[in-house]
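Results of the structural survey
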Amino acid sequence: MKKSELGLRGERLAAEYLAKNGFNVIERNWRSGHLETDMICEDDGHLLFVEVKTRTPASNRYGRPSAAVDRRKAERLIACAEAYIREKGLAENLNKRVRLDVIEVYIDKEDVKINHIKNAIFKQENTD
């Protein structure tokens, strides 16, 4: 399976997982300029920006999927969330908590495991 096909399958499985757990997927692969997030979803209390990382046994040698979300990727996801909130006009009346999650999808033939890491990314203020 090609890397792009694997990623799309992982995103589909993550979307199904989120829907089963009470989240409404409102955007997939949302972009603003050079910023992109895999998924934006909501429930009664949260607006989630989700980064999905998928691995197979062959690609698992690179470590946990969430390890691919380094500081630079996290900063871009934060900027993407801020752009979405600004572009949709949600800043002044957002009545939900914003959360940045990572979903790890492990695919081994037909066996699928999903690890949902809530609050995986959070904005840290510069204290310099």
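A short tour of the structure in this document, coming up. Keep in mind that what you see is a predicted model, and the values were worked out from it rather than measured.

Concerning helix 1 (residues 3–20)
Taking 1.5 Å of rise per residue, 18 residues should cover 26 Å, and helix 1 covers 26 Å from first to last C-alpha, within 8% of that figure. Of all the residues in helix 1, the buried ones are L6, R9, G10, E11, L13, A14, A15 and L18. Against strand 1 (24–32), strand 2 (35–42), strand 3 (46–55), strand 4 (97–108) and strand 5 (111–121) lie the buried residues of helix 1. Immediately downstream of helix 1, the backbone of G22 shows phi near 90 degrees, a positive value.

Observations regarding the pairing of strand 3
Counting buried positions along strand 3 yields 9 of 10 residues, so the element is predominantly enclosed. Across 4 bridges, strand 2 lies against strand 3 in antiparallel orientation. If you follow C41 over to strand 3, its bridge partner there is L48. Between the end of strand 2 and the start of strand 3, which pair antiparallel, lie 3 residues. Both strand 3 and strand 4 contribute to a ladder of 10 bridges, which runs parallel.

Definitions and limits used
- One numbering rule holds for all chains: residues counted from 1, following each sequence as written.
- Local features in this predicted model are restricted to residues of pLDDT 70 or higher, and side-chain atom pairs are both shown and tallied only at a pLDDT of 80 or more, whereas totals for entire chains, interfaces and linings draw on every residue.
- Side-chain figures throughout are based on the complete set of non-hydrogen atoms in the structure, without hydrogens or water.
- The helix count covers DSSP runs of H or I at least four residues long, the strand count covers runs of E at least two residues long, and both are numbered beginning at the N terminus.
- For a helix, the expected span equals 1.5 Å multiplied by the number of residues minus one.
- Exposed residues in this analysis have more than 50% of their type's maximum accessible area, buried residues have under 20%, and partly exposed residues fall in between, with area computed by a 1.4 Å probe over protein chains only.
- Note on contacts: a residue pair qualifies if any of its non-hydrogen atoms lie within 4.5 Å across the two residues.
- Two strands pair if DSSP finds at least two bridges between them.

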